[in-house]
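Structural features, examined
Read off the chains here:
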Amino acid sequence: MKKETVNLFFACDERYLPLFGVALASLKAHRDKNRAYAAYVLHTDVSERTAGEMRARFEEEGFSLTFRNVSREIEHFVHRLHTRDYYSHATYYRLLIPELYPKMKKALYLDSDILLRGDVGRLFDTRLGNDLAGAIPDGFVNHVPVLRRYVENRVGVEKGVPYFNAGVLLMNLVEMRKISFGDLFIKLLSAVTFRVAQDQDYLNVICRGRVKFLPECWNFMPFRPEKNEPMLVHFNLDSKPWQKDGILYEEEFWACADALPEGGVLRERKRAYSEEDVRRAAEQTENLIATAVRESEETAENRRIALRVSRVMSSVKEMGIAKPSCARAPIPRQGKILVGRAL
């Protein structure tokens, strides 16, 4: 029987296109050549010329690449989107997918700062049932005590339930549309501002109790030794081989990058990454930790936020849609993680 097309989504701006090129090349290197893959890029600033050049280089039989400008779709709420540090509005574009593609049943969203080491089609084939999403517990947040307190006290993630990373997100678009996912996000955006993890916090709120937790090998973060052979390496936070040496799987990243035109751009970025940039990145991490600590201790405000979130989420129940409970997957025990001087 013919397998379902693997629907893949990315969201990036012009600056992230070199990283997207590496992600796409590694994805194609491991895909099932007897199956169709369709990659979509949501953006607001990629020129038609650049999009055309990338399509010409990456498209082949069984693999399509589509660029979609979402400027019009975000213009009515873009002024409300909170960003910090190196984040851009593009991080929110994944929230548009259910409504942008009303006939699509399932989609796999991937951040651009990744390297595939296995066939992502296997991840896409995960059955979600009535769950809204399939996701991987965040290997950083769940093991840093001050961040766990933040997601429990501010975001409302219960103790013993993993907080997931949204950089790899399998989306059940059918179930998301049933709860008017896009409208729900806009309502939450108006009710509360999450400053630490932004759209990822909103996703953990919306999908609460309806998440299928997936193996960590599909979203491995290389700031600590791996336990199992990773299928997907996510170079998030300051674990970026295009900024510094000593990152796990950097050899594989550069082997892929240097075979592409994008490799030269990324090599130049690394050469230009200064000691001041290193200092600034460490400062950003410390500020993030400090914000999480401060907000986790704002008891009265956290109660108000919980009430606002409860009122917004009650609209799902009012629509007569049951929210099945999710088995509480334990948070894996890992070694101690130190981040800057804050910990």
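Predicted model, so just to flag it, every value in this text is computed and none were measured.

Moving on, we come to the pairing of strand S7 (residues 164-172). For S7, the tally of buried residues reaches 9 of 9 residues, placing the bulk of the element in the interior. Across 5 bridges, strand S6 (residues 133-137) lies against S7 in antiparallel orientation. From the neighbouring strand, proline 137 faces S7, where its bridge partner is phenylalanine 164.

In total, this model carries 13 aromatic pairs according to the counting rule given. An angle of 70 degrees between the planes, with centres 5.0 Å apart, marks the rings of phenylalanine 9 and tyrosine 101 as edge-to-face. Of this pair, phenylalanine 9 sits in strand S1 (residues 6-11) while tyrosine 101 sits in the loop between helix H4 (97-100) and strand S4 (106-110), and the two are 92 residues apart along the sequence. On the basis of relative accessible area, phenylalanine 9 is assigned to the buried category, the value being 0%. Here the aromatic rings of phenylalanine 194 and tyrosine 202 are separated by 5.0 Å at their centres, their planes lie at 65 degrees, and the arrangement is edge-to-face.

Interaxial distance between helix H1 (residues 17-30) and helix H10 (residues 250-257) falls to 9 Å at its minimum, and their mutual angle equals 95 degrees. As judged from the angle between their axes, H1 and H10 are roughly perpendicular. Across the interface between the two elements, Leu19, Val22, Ala25 and Ser26 of H1 pack against Phe253, Cys256 and Ala257 of H10. Here the contact of H1 with H10 is composed, by residue class, of 6 nonpolar, 1 polar and no charged.

Moving on, we come to the environment of glutamate 175. Counting through the fold element by element, glutamate 175 comes out in helix H7 (residues 173-178). Residues glutamate 175 and aspartate 131 lie 44 residues apart in sequence; the distance between their C-alpha atoms is 7.3 Å. Every residue in contact with glutamate 175, bar those within four places of it in the chain, is listed here: Gly129, Asn130, Asp131, Leu132 and Arg210.

This part takes up the sheet that holds strand S3 (residues 63-69). Spatially, 7 strands are ordered S3-S2-S1-S4-S7-S6-S8 in an open sheet, and the strand pairing comes out mixed. Of all strands in the sheet, those with a lone pairing partner are S3 and strand S8 (211-213), marking the two edges. In this sheet, neighbouring strand axes are inclined to one another by 25 degrees on average, regardless of whether the strands run parallel or antiparallel. Alignment of strand S2 (residues 37-43) against S3, held across 7 bridges, turns out to be parallel. Opposite tyrosine 37, over in S3, you have phenylalanine 63 as the bridge partner.

To continue, consider the nonpolar core. Counting residues in each nonpolar core, the largest one holds 62 residues, and the members touching the most others are Phe9 and Leu42. Ranked by residues supplied to this core, first place goes to helix H8 (residues 181-191) with 6 residues. Not counting residues within four places of it along the chain, the set of residues in contact with phenylalanine 9 comprises Tyr40, Leu42, Ile97, Tyr101, Met104, Ala107, Leu108, Tyr109 and Leu110.

Each value, and the rule that gives it
- Residues numbered from 1 in each chain as written.
- Predicted model: local features only at pLDDT ≥ 70, side-chain atom pairs only at ≥ 80, totals over all residues.
- Heavy atoms only, no water.
- Buried < 20%, exposed > 50% of the residue type's maximum accessible area, 1.4 Å probe, protein only.
- Helix = DSSP H or I, 4+ residues; strand = E, 2+ residues; numbered from the N terminus.
- Pairing = 2+ DSSP bridges.
- Phe/Tyr/Trp six-rings, centres within 6.5 Å; stacked < 30°, edge-to-face > 60°.
- Axes fitted to C-alpha atoms, helices over the stretch in contact; angles between N-to-C directions.
- Parallel < 35°, antiparallel > 145°, perpendicular 65-115°, else oblique.
- Contact = heavy atoms within 4.5 Å.
- Nonpolar A, V, L, I, M, F, W, Y, C, P; charged D, E, K, R; others polar.
- Core = buried A, V, L, I, M, F, W, Y, C linked by side-chain atoms within 4.5 Å.

Coordinates in, geometry out; function isn't part of it.
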